Amino acid sequence: MFMHMLVLGLALAMAGTTFAQTPSPDETKPIKLVVLGDSLSAGLGLSASSAFPARLQKSLETKGIVVDIINAGVSGDTSSGGRDRLDWSVPEGTEAVILELGANDALRGTDPKVTRSALTDILTRLKARRIAVLLCGMLAPPNYGSDYSARFNAIYPDLAKSFGVPLYPFFLAGVAADTRLNQADGLHPTAEGIDVIVKNILPTVEAFLGTISGQRS
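A brief report on the enclosed structure follows. (Residues numbered from 1 in each chain as written. Predicted model: local features only at pLDDT ≥ 70, side-chain atom pairs only at ≥ 80, totals over all residues. Heavy atoms only, no water.)

### Considering the sheet that holds strand E2 (residues 67-73)
No. 1: Strand order in the open sheet made by the five strands is E2-E1-E3-E4-E5, with parallel pairing throughout. Each having just a single partner strand, E2 and strand E5 (167-168) make up the two edges of the open sheet.
No. 2: Bridge count for strand E3 (residues 96-100) against strand E4 (residues 132-136) is four bridges, and the pairing is parallel. Directly across from Leu 99, in E4, lies its bridge partner Leu 135.
No. 3: Packed on one face of the sheet, helix H4 (residues 52-62) meets strand E1 (31-37), E2 and E3 and runs near 165° to E2.
No. 4: Contacts from helix H10 (residues 155-163) reach E4 and E5 within the one sheet, and its direction differs from that of E4 by about 160°. (Pairing = 2+ DSSP bridges. Helix = DSSP H or I, 4+ residues; strand = E, 2+ residues; numbered from the N terminus. Contact = heavy atoms within 4.5 Å. Axes fitted to C-alpha atoms, helices over the stretch in contact; angles between N-to-C directions.)

In structure tokens, the structure reads:
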């Protein structure tokens, strides 16, 4: 009888150990991520499979990082437009947002105060929903002068610091002004250009998602 109870106890203990080592569903389910942006992330002029969200998801999956990415890019959108559609563009259950807005503000010469206010509202509302954000910076074109550029370019590092969110300084790094990597309009990346963006931003995104995975466990 004693031996029977001992064997049974050991079996239960081993089962408990095995159970404890099994990853929880939260650790293995895909991270739900939304790319909230404009034509740069929407993939203007490209197939859906060549757009930034799809290429980023594929690159992450090759590294064993399982994500479910929604492309919430709208061509022509400004930061104010992104704010106005935030609630339906970022559905319930979203865990993370890559925020890529502001390029159209800069192209139109929008007052940086307006852009800063809209992005502040977006970050405030996402924070209230406990959604992690990776902020992608944008740089103003030089044609509006150095004062405008300084005021606009400061928006992103300022907000990243005040909200405590990670910043990717310039979304088009390595691609902007390179004719080989942009479409005929000189503004929108080709499929090859998107791949360069993904390659450059990937380490930042990996670290960002790693933080979210760590909070799940």
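### So, the pattern of salt bridges
No. 1: Applying the stated criterion across every chain, the model contains eleven salt bridges.
No. 2: The salt bridge partner of Glu 206 is Lys 63, with a shortest N-O separation of 3.8 Å. Remark: Lys 63 occurs in the loop between H4 and E2 and Glu 206 occurs in helix H11 (residues 191-216); sequence separation between them is 143 residues.
No. 3: Relative accessible area serves as the criterion here: at 27%, Glu 206 is assigned to the partly exposed category. (Salt bridge = Lys/Arg side-chain N within 4 Å of Asp/Glu carboxyl O. Buried < 20%, exposed > 50% of the residue type's maximum accessible area, 1.4 Å probe, protein only.)

### Remarks on the packing of aromatic side chains
No. 1: Counted according to the given criterion, the structure contains four aromatic pairs.
No. 2: Ring centres of Tyr 144 and Tyr 148 lie 5.2 Å apart, and the angle between their planes is 45°; on these two criteria the pair is classed as tilted.
No. 3: The exposure class assigned to Tyr 148 is buried, which follows from its relative accessible area of 9%.
No. 4: Measuring from centroid to centroid gives 5.9 Å for Phe 152 and Tyr 156, while their planes differ by 65°, and the two rings are edge-to-face. Taken individually, Phe 152 and Tyr 156 each receive the classification buried, so the pair is uniform in this respect.
No. 5: Ring pairs connect the aromatic residues Tyr 144, Tyr 148, Phe 152 and Tyr 156, which therefore count as one cluster. (Phe/Tyr/Trp six-rings, centres within 6.5 Å; stacked < 30°, edge-to-face > 60°.)

### So, unusual backbone geometry
No. 1: The phi dihedral of Arg 130 falls on the positive side, at around 60°, and the residue is not glycine.
No. 2: A relative accessible area of 77% means that Arg 130 is categorised as exposed.
No. 3: Despite not being glycine, Ala 177 shows a phi value in the positive range, around 70°.
No. 4: On the secondary structure map, Ala 177 appears in the loop between E5 and H11.
No. 5: A relative accessible area of 75% places Ala 177 in the exposed class.

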